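Coordinates in review
The residues making up each chain are set out below.
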Amino acid sequence: MPDTEHAPAQKTALSLLVVDDDQDIRDLMADYLRQHGFQVRSADGGEAMFACLEEEKPDLIVLDIMMPGEDGLSLCRRLRSMDSTTPVIFLTALGDTADRVVGLELGADDYVVKPFQPRELLARIRAVLRRAGRVADTPAESGSAPSGRPEKAYHFSGWTLDLSARHLIAPGGMVVNLSGAEYRLLTIFLEHPQKVLSRDFIQDELQGQETDRSPFDRSLDVQVCRLRARLRDTGDGDKGRENKLIKTVRGDGYVFTSAITAE
């Protein structure tokens, strides 16, 4: 059942929805995050999660993968069919690489491996919210420096990324929906055009520098593949053309090949 308790918070406090069938873990996460300035609701499964979503859309969802009944992957799939923008962070068991890859393919923004320290989850939440443009004046965020990003849009090869609406507009005028992870990855490339970006640099920007990563973790490749697919959909009905905007530099990383105009 949903837990609708809220900690006293300022109007600028961001809202989180924590979904986990383990009440002890759920309560621990909720209490810790409330102490750090967030409004938190919690749910013990899919039914309670969607009941919470009907009441109010959160700024971010923390979603456990391994739950009885409908698991987190299925819930994320349902969520993305209705909402392509709310950031999602998965909680996953140690070593479940397949689940992490599938989760990213479904549009999740990040993942935290159990067992974890609450401060790691807090850091991931803040990083995802910051990159999603949803940062408010929580205690640890107030006084932080502006990111320096253009406030309106990037233009490249006939495409437009509208930063205020978080819309990607194809050369044919069609709006292409991006998940939170796809949006963040594209902004990283657009902030560093025509430069070779190492895999480590991109993953640090996406997930934070303190993240332990296996050299066999292919989650970044999955995200790049998904973004390339988005950039093939130009709105003229031809989705099969070769995508040359993001080039793989073997042994080094990736490069965004187009020139960028910012406004």
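Above this text you will find the structure in question.
First, a word on what this report is: a plain description of the structure on this page. These figures come from a predicted structure and were not determined experimentally.

**Observations concerning helix α2 (residues 46–55)**
Among the residues of α2, those classed as buried are Gly-46, Ala-48, Met-49, Phe-50, Cys-52 and Leu-53. Where α2 is buried, its residues contact β1 (15–19), β2 (39–43), β3 (60–64) and α3 (72–82).

**With respect to the sheet that holds strand β11 (residues 246–249)**
Judged by pairing direction, the sheet is antiparallel, and its three strands sit side by side in the order β10-β12-β11 without closing on themselves. The sheet is open, and its two borders are formed by β10 (196–198) and β11, each paired with just one other strand. Direction aside, neighbouring strands of the sheet carry axes that sit 30° apart on average. Looking at chain direction, β10 and strand β12 (residues 253–256) are connected through three bridges and run antiparallel. Paired with Val-196 across the strands is Val-255, a residue of β12. Of the strands in this sheet, β10, β11 and β12 are in contact with helix α6 (residues 180–191), which crosses β12 at around 70°. The sheet strands contacting helix α8 (residues 219–230) are β11 and β12, and the helix crosses β11 at an angle near 150°.

**Some thoughts on the side chain of Thr-92**
Relative to the helices and strands, Thr-92 is located in strand β4 (residues 88–93). Excluding residues within four positions of it along the chain, Thr-92 makes contact with Ile-65, Asp-99, Arg-100, Tyr-111, Val-112, Val-113 and Lys-114.

**Some details on the packing of aromatic side chains**
In this structure the tally under the stated criterion is three aromatic pairs. A centroid spacing of 5.3 Å and a plane angle of 75° characterise the contact between Phe-156 and Phe-256, whose relative ring orientation is edge-to-face. Here the residue Phe-156 occupies a position in strand β6 (residues 153–156), and Phe-256 occupies one in strand β12, the gap between them amounting to 100 residues. Here Phe-156 falls in the buried class, since its relative accessible area comes to 2%. Overall, Phe-256 belongs to the buried group, its relative accessible area being 0%. With a centroid separation of 6.1 Å and an interplanar angle of 25°, the aromatic rings of Phe-189 and Phe-256 are classed as stacked. Here Phe-189, found in helix α6, pairs with Phe-256, found in strand β12; they are 67 residues apart in sequence, far enough to count as distant.

**Concerning the nonpolar core**
Core analysis: the largest hydrophobic core is formed by 26 residues, its most contacted members being Phe-156, Leu-161, Leu-168, Leu-186, Phe-189, Leu-231 and Phe-256. At the level of secondary structure, the elements contributing two or more residues to this core comprise β6, β7 (159–162), α6, α7 (199–207), α8 and β12. Sort the elements by how many residues they give to this core and α6 lands first, with six residues. Apart from residues lying up to four places away in sequence, Leu-186 is in contact with Phe-156, Leu-161, Leu-168, Leu-178, Leu-227 and Phe-256. In this structure, Ala-43, Ile-65, Met-67 and Leu-79 belong to the second largest nonpolar core, which totals 22 residues.

**Details of the pairing of β7**
On any regular strand, side chains alternate: one points to one face of the sheet, the next to the other face. As defined by bridge partners, β6 adjoins β7 across four bridges and the pair is classed as antiparallel. Each bridged residue has a counterpart across the sheet, and for Tyr-154 the counterpart in β7 is Leu-161. The hairpin formed by β6 and β7 contains two residues between the paired strands, and Ser-157 there has a positive phi angle of roughly 45°. Where β7 and strand β8 (residues 167–169) come together, three bridges link them in antiparallel fashion. Looking at the pairing, Thr-160 lines up with Ile-169 of β8. Taking the residues between adjacent antiparallel strands as the criterion, β7 and β8 are bridged by four residues, where Arg-166 takes a positive phi near 60°.

**Remarks on the pattern of salt bridges**
All told, the structure shown has 12 salt bridges when counted by the stated rule. Among the salt bridges present, the one from Glu-55 reaches Arg-41, with a minimum N-O distance of 3.8 Å. Of this pair, Glu-55 sits in helix α2 while Arg-41 sits in strand β2, placing them 14 residues apart in sequence. Looking at Glu-55, the relative accessible area reads 54%, which means it is exposed. Salt-bridge contacts for Arg-184 lead to Asp-109; the nearest nitrogen and oxygen are separated by 3.1 Å.

Rules and cut-offs
Residues numbered from 1 in each chain as written. Predicted model: local features only at pLDDT ≥ 70, side-chain atom pairs only at ≥ 80, totals over all residues. Heavy atoms only, no water. Buried < 20%, exposed > 50% of the residue type's maximum accessible area, 1.4 Å probe, protein only. Helix = DSSP H or I, 4+ residues; strand = E, 2+ residues; numbered from the N terminus. Contact = heavy atoms within 4.5 Å. Pairing = 2+ DSSP bridges. Axes fitted to C-alpha atoms, helices over the stretch in contact; angles between N-to-C directions. Phe/Tyr/Trp six-rings, centres within 6.5 Å; stacked < 30°, edge-to-face > 60°. Core = buried A, V, L, I, M, F, W, Y, C linked by side-chain atoms within 4.5 Å. Salt bridge = Lys/Arg side-chain N within 4 Å of Asp/Glu carboxyl O.

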